[in-house]
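If you want the building blocks of each chain, they are given just below.
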Amino acid sequence: MDELWQSLCHGQRISSRSVMFTIDDGFHDHHDVAAKVFDEFGFPLNFFVITGLLDQQLWPWDDQVTYALKHAGVEHTDIRLPSGAVYSINLEDKSAGATVREIRDALKISPQAQVYQWLREELFAKLQVDFPSTIPQEYQPMSWTDARLLRERGHGVYPHTRSHRILSTLDLTEKREEIRNSLERVGAELGYSPQVFAYPTGRPADYDGDDVEELRQAGFNMAFNTVPAYVKQGQDQYQLPRFSLPENTADFLQIVNRFEALKEKLRR
Ligand SMILES: [Zn+2]
């Protein structure tokens, strides 16, 4: 991460033979499994953590949607989305996976200020799912001690908001709270000032110019989205792209050996 920043701010060419890995949210298996694999190869991994998750205050809204559908006590019900629109759930006609995707996509463009309350009072209630009193095992975070150990082993740990709500749907006060609070929590727990950030879900529609300005004012110097592209010299340092990890090795190799870049060039 430091090398990337040095290249970007000194206008140096970014080597086509360089690759960086990031992993978002901060679940326990990111520490217990993923970091160990990278340690075997002596390769640093960069973790973007949801600080409210590591603080055991919440588990991400998008995962709560998955949990609710997985444990649904009824097969059909109508829910009223935060936008006011009605969405009909029918698990006989549509798979739980497809339903999860549609509800998540609808929530991404809904006002998210009250999304956690909405999940509990509307989605869980209508699907007749008991809201867990503690974070379910599969969504348990790594601990702050784990995060400290990661840094001691040369990995990076950076903020990814407090609650993972979509920044573009929040007002200025809430945006500031998400950004500042996650910055402060990482700073307080890990004893350094992080300057790198990743936007929740990270599509260009998921953040806006006010978020970038807020990051700048808070002292961040780089931020990552999830636009699938290579980082190039001269790129907006607050909108650095990342490829998602593909499902299969062939596609993964195609990205890291820059075949994707070649295709881009040929298209041009
Ligand atoms: Zn995330």
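Residues numbered from 1 in each chain as written. Predicted model: local features only at pLDDT ≥ 70, side-chain atom pairs only at ≥ 80, totals over all residues. Heavy atoms only, no water.

**Let's talk about the domain arrangement of the protein**
For step 1, the next point in the chain: In terms of domain boundaries, the protein breaks down into domain 1 (2-57 + 141-267) and domain 2 (61-126).
For step 2, the next point in the chain: Relative to domain 2, the C-alpha centre of domain 1 lies at a distance of 27 Å.
For step 3, the next point in the chain: With ten residues of domain 1 in contact, the opposing surface of domain 2 contributes ten residues.
For step 4, the next point in the chain: At the boundary of domain 1 with domain 2, total buried surface from both sides reaches about 830 Å², with 52% on carbon and sulfur atoms.
For step 5, the next point in the chain: On the domain 1 side of the interface with domain 2, the three residues burying the most area are Arg165, Thr169 and Arg203, jointly 46% of the side's total. (Domains from an automatic or database assignment. Contact = heavy atoms within 4.5 Å. Buried area = accessible area lost by both parts, 1.4 Å probe.)

**As for the packing of aromatic side chains**
For step 1, the next point in the chain: A full pass over the atoms with the stated rule returns 16 aromatic pairs.
For step 2, the next point in the chain: Both rings, one in Trp59 and one in Tyr67, keep their centres 5.2 Å apart while their planes meet at 80 degrees; by these two values the pair is edge-to-face.
For step 3, the next point in the chain: A relative accessible area of 3% means that Trp59 is categorised as buried.
For step 4, the next point in the chain: Measuring from ring centre to ring centre gives 4.8 Å for Tyr230 and Phe243, while their planes differ by 65 degrees; the resulting arrangement is edge-to-face. Note that Tyr230 is positioned in the loop between β7 (222-224) and α10 (249-256) and Phe243 in the loop between β7 and α10, a separation of 13 residues in sequence.
For step 5, the next point in the chain: Looking at Arg151, its charged tip hangs above the ring of Tyr192, at a distance of 3.6 Å from the centre. (Phe/Tyr/Trp six-rings, centres within 6.5 Å; stacked < 30°, edge-to-face > 60°. Buried < 20%, exposed > 50% of the residue type's maximum accessible area, 1.4 Å probe, protein only. Helix = DSSP H or I, 4+ residues; strand = E, 2+ residues; numbered from the N terminus. Lys NZ or Arg CZ within 6 Å of the ring centre and 35° of its normal.)

**A short note on the sheet that holds strand β2 (residues 46-49)**
For step 1, the next point in the chain: The strand order β1-β2-β5 describes an open sheet built from three strands, whose pairing is parallel. A strand with exactly one partner marks an edge of an open sheet, and here the two such strands are β1 (22-25) and β5 (156-159). Averaged over all neighbouring strand pairs, the angle between strand axes comes to 20 degrees, with direction disregarded.
For step 2, the next point in the chain: The pairing of β2 with β5 spans four bridges and is parallel. Within β5, the residue paired with Phe47 across the bridge is Val157.
For step 3, the next point in the chain: Along the sheet, helix α8 (residues 172-190) contacts β2 and β5; its crossing angle with β5, the most-contacted strand, is approximately 145 degrees. (Pairing = 2+ DSSP bridges. Axes fitted to C-alpha atoms, helices over the stretch in contact; angles between N-to-C directions.)

**A few points about the pattern of salt bridges**
For step 1, the next point in the chain: Taken as a whole and judged by the stated rule, the model has 19 salt bridges.
For step 2, the next point in the chain: Residue Lys175 pairs with Asp211 through a salt bridge whose shortest N-O separation is 3.0 Å. Of this pair, Lys175 sits in helix α8 while Asp211 sits in helix α9 (residues 209-218); the two residues are 36 residues apart in sequence, bridging distant segments of the chain. Neither residue differs from the other here; Lys175 and Asp211 are each classed as buried.
For step 3, the next point in the chain: Connected through salt bridges with shared partners, the residues Asp55, Arg148, Arg185 and Glu189 form a single ionic network. (Salt bridge = Lys/Arg side-chain N within 4 Å of Asp/Glu carboxyl O.)

**Examining the pairing of β1**
For step 1, the next point in the chain: With four bridges connecting them, β1 and β2 associate as parallel partners. Within the sheet, the bridge partner assigned to Ile23 lies in β2 and is Phe47.
For step 2, the next point in the chain: Once the chain exits β1 it traverses helix α2 (residues 28-40) before rejoining the sheet at β2, and the crossover so formed is right-handed. (Right-handed = clockwise from strand over helix to strand, strands pointing away.)

**Here's the deal with the nonpolar core**
For step 1, the next point in the chain: Residues Ile89, Ile103 and Leu123 are the most contacted members of the largest nonpolar core, which totals 31 residues.
For step 2, the next point in the chain: When residues of this core are traced back to their parent elements, those giving at least two are α4 (61-70), β4 (86-90), α5 (96-108) and α6 (115-126).
For step 3, the next point in the chain: Counting residues per element, this core draws most heavily on α6, at six residues.
For step 4, the next point in the chain: Two domains each provide a minimum of three residues to this core, namely domain 1 (2-57 + 141-267) and domain 2 (61-126).
For step 5, the next point in the chain: Beyond its immediate stretch of four places on either side in the chain, Ile103 contacts Val65, Leu69, Ile79, Tyr87, Ile89 and Leu123.
For step 6, the next point in the chain: The next biggest cluster of nonpolar side chains, apart from the first, holds 26 residues, and it includes Met1, Ala35, Phe48 and Val157. (Core = buried A, V, L, I, M, F, W, Y, C linked by side-chain atoms within 4.5 Å.)

**Examining α6**
For step 1, the next point in the chain: Among the residues making up α6, those that are buried are Val115, Tyr116, Trp118, Leu119, Glu122, Leu123 and Phe124.
For step 2, the next point in the chain: Where α6 is buried, its residues meet α4, β3 (76-80), β4 and α5.
For step 3, the next point in the chain: Gln128, located one to two residues past α6, shows a positive phi value of around 55 degrees.

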